[in-house]
Amino acid sequence: KIFAATYAQAPLLREQEKIAFKAHEQLRELAASSAYDDVNASALANTAAQAMAKISLQQARLEQQLLAVLTPEQRQQAQQRRDSRQGPRHLQRAE
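As a starting point, this report considers the structure included with it. (Residues numbered from 1 in each chain as written. Predicted model: local features only at pLDDT ≥ 70, side-chain atom pairs only at ≥ 80, totals over all residues. Heavy atoms only, no water.)

Some points on the overall build of the protein chain
Here's step 1: Within the protein chain, the secondary structure is distributed over three helices and zero strands.
Here's step 2: Counting from the amino terminus, the protein chain carries its helices and strands in the arrangement α-α-α.
Here's step 3: Relative to a compact globule of 95 residues, whose C-alpha radius of gyration would be 12 Å, the protein chain shows 19 Å and is clearly more extended.
Here's step 4: A principal-axis box enclosing the C-alpha atoms of the protein chain has dimensions of 60 × 45 × 15 Å.
Here's step 5: Split into buried and exposed, the 95 residues of the protein chain put 17% on the buried side.
Here's step 6: For the protein chain, contacts bridging at least 24 residues in sequence account for 60% of all contacts bridging at least 6.
Here's step 7: For the protein chain, the accessible area works out to roughly 7,800 Å², and carbon and sulfur atoms hold 53% of it.
Here's step 8: Treating the 13 positive side-chain charges of the protein chain as one cloud and the 10 negative ones as another, the clouds have centres 9 Å apart. (Helix = DSSP H or I, 4+ residues; strand = E, 2+ residues; numbered from the N terminus. Rg over C-alpha atoms; globule rule 2.2 N^0.38 Å. Buried < 20%, exposed > 50% of the residue type's maximum accessible area, 1.4 Å probe, protein only. Contact = heavy atoms within 4.5 Å. Areas by Shrake-Rupley, 256 points an atom, 1.4 Å probe, with all protein chains shown as cover. Lys, Arg positive; Asp, Glu negative; His and termini not counted. Charge placed at Lys NZ, Arg CZ, Asp CG, Glu CD.)

Encoded structure:
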């Protein structure tokens, strides 16, 4: 079940990653161009943001599907792993 859920979402993620990458690339080219247009830049930024939002939503859906097939003990272990993987946003500044 886990493989099937992960495999099923791969094409959508790839498609959205390509869209986001292309929009970012075009935005960088537009920013470096003498023909900069704020309307086009805004549209490209929105396209990239929408693609990233779809990726985030799909990842949340996958996580939910995976959690649904785990036993309560496995869910607890997964939660402990998430809690132990604190990223930069969880770090506190030493003052």
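Concerning the environment of R85
Here's step 1: Here R85 is to be found in the segment after α3 (72-84).
Here's step 2: Spatially, the C-alpha atom of R85 lies 26 Å from that of A8, the residues being 77 residues apart in sequence.

Regarding the packing of helix α1 (residues 2-32) against helix α2 (residues 38-69)
For any two helices packed against each other, the geometry is given by the interaxial angle and the distance between the axes.
Here's step 1: Relative to each other, α1 and α2 sit at 165°, their axes nearing to 8 Å. With respect to their mutual orientation, α1 and α2 come out roughly antiparallel. For α1 against α2, the interelement crossing comes out left-handed.
Here's step 2: For the contact of α1 with α2, the class distribution of residues is 19 nonpolar, ten polar and two charged. (Axes fitted to C-alpha atoms, helices over the stretch in contact; angles between N-to-C directions. Parallel < 35°, antiparallel > 145°, perpendicular 65-115°, else oblique. Left-handed = near helix turned anticlockwise from the far one by under 90°. Nonpolar A, V, L, I, M, F, W, Y, C, P; charged D, E, K, R; others polar.)

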